[in-house]
Amino acid sequence: ASKNPVFRYDPETGNAEELPMWKDAVENANPQAIAVDEDGNIYIAWLRAVWDENDNYHQEATLAKYDPSGSTVFQKDLTEELTVDGQDRYIQRIAVDSEGMICLIFEDSISVYDGEGSSQGNISLDISWIDSVFRENDGKIYITYYNWNGSEGGRVAVEVDIPGKKLGASHKIPENAETVTAGPEKSFLMSDRTQLLMFDPETETSEKLLDWLDCNVNGDYVEIVGTVADGRLMAVTRDWGTDKTEIVYLTKTKAYEVAQKEEIVIGTMTMDQELRAAAVEFNKKNEKYHVSVKEYYDYNSDMEYSDAITNMNNDITSKNGPDILALNSGRIDIAQLAEKGVFEDLGSFLEKSSTFSRDSFVESVLRGYTYDNVLIAVPKTFQISAVAAKTSQ
């Protein structure tokens, strides 16, 4: 049997304790979804891939509850729940409210069970995909998804009315909210790739709490955000490239208590994953400089791309522009800016660098970014498109 251990992590000591529930789990099953209630009981939806004697594939599912020590309270076979009218279904999430009611969330419905594993009915959903599920501080369960219903559409957070077996109050949330969890009091915490917001469901307004880059956190990697008892914020991040997972604690600190660094501003149309990761890595290591990124185009707004380029050009020519310009948009008129003499000659930097020289790069490519003997950019990659044919053809 394969071992798929579950750990409890103590942030105070940094110790991770392996819990024993895998010993009682279905053989070769994997934990598909995990939730914890207010008393520390643990709920897991296990999935197991099975091939029959004819080499036909299907999945088996088990819902299990464990006490805080990891001992089994109950296990319930859910395999029949995975197929409805001959169609396979996918377990997306699991959540537990303050009354101990268990919500097993599929793409088309929510199956409800009590604390003993007995079925309490289903809530039908007309949703293709649920983005996130969380328990508010009042104990209610919320789901977030994109509502495609015409003029009323958009990203929403909706209460799950478990007693009424229906969806309850709906709140329209910011379009770019990717991770949504419970915040202080009755607020929601919402993370996108650049910032963390605190959302008030009563007024449906949001307040920016922080910029991830200022906290040396890669917003692309944030998977979970929450609060801890002492008031700090917590984020769980996972680096997609290395699969390294970290827990980050954020403490609100007065500006004068933070070590002051010289600011370097990078301007870009949109910040891609590679630029964001590089900026975070630089800021973690450098004690003198701090990199911030100014995005000129916001794809979540009604801004025209041409307006974003105009704003960038105006900043540069009025000497209020960024220190470094990332040329990751083919619509930036580099030659026009070069004619205005706004770019520093990077050739002098390569002459002084102990890391790179002109010989480190393809000379013809560097010449392609040279205007009036001024090297304005050093591309890190390039592609060649070519066509070849016989002269007779």
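About the cut-offs
- Residues numbered from 1 in each chain as written.
- Predicted model: local features only at pLDDT ≥ 70, side-chain atom pairs only at ≥ 80, totals over all residues.
- Heavy atoms only, no water.
- 1 Å grid on protein atoms, 1.4 Å probe; cavity = no way out; pocket = protein on both sides within 12 Å on 5 of 7 lines; lining within 4 Å.
- Points joined across faces, edges and corners; volume = space filled by probe spheres on them.
- Helix = DSSP H or I, 4+ residues; strand = E, 2+ residues; numbered from the N terminus.
- Expected span 1.5 Å × (residues − 1).
- Buried < 20%, exposed > 50% of the residue type's maximum accessible area, 1.4 Å probe, protein only.
- Arc of directions from axis to C-beta.
- Pairing = 2+ DSSP bridges.
- Axes fitted to C-alpha atoms, helices over the stretch in contact; angles between N-to-C directions.

## Details of empty space enclosed by the protein
Where empty space is left in the structure can be found by rolling a water-sized probe over the atoms.
Thought 1: Using the criterion set out here, one finds one cavity of 30 Å³ or more in the structure.
Thought 2: Its volume calculated, the largest cavity comes out at about 30 Å³.
Thought 3: Surrounding the largest cavity, Arg193, Thr194, Asp211, Trp212, Leu213, Val217, Gly219, Met271 and Arg276 form its lining.

## Some details on helix α2 (residues 305-317)
Thought 1: Across its 13 residues, α2 extends 19 Å between first and last C-alpha, which sits within 8% of the 18 Å expected from 1.5 Å per residue.
Thought 2: For α2, the full list of buried residues reads Tyr305, Ala308, Ile309, Met312, Asn313, Asp315 and Ile316. One face of α2 carries all of its buried residues, which in axial projection span an arc of 160°.
Thought 3: Phi turns positive one or two residues past the end of α2, at lysine 319, with a value near 65°.

## Points about the environment of proline 5
Thought 1: Within the element layout of this structure, proline 5 appears in the segment before β1 (6-10).
Thought 2: Residues proline 5 and glutamine 273, 268 residues apart in the sequence, show an inter-C-alpha distance of 31 Å.

## A look at the sheet that holds strand β16 (residues 166-172)
Thought 1: Pairing in this open sheet of four strands is antiparallel, and the strands run β13-β14-β15-β16 from one edge to the other. At either end of the open sheet lies a strand with only one pairing partner, and these are β13 (130-135) and β16. Recorded for the sheet is a direction-independent mean angle of 30° between the axes of neighbouring strands.
Thought 2: Where strand β15 (residues 154-161) lies against β16, five bridges are found, and the strand directions are antiparallel.

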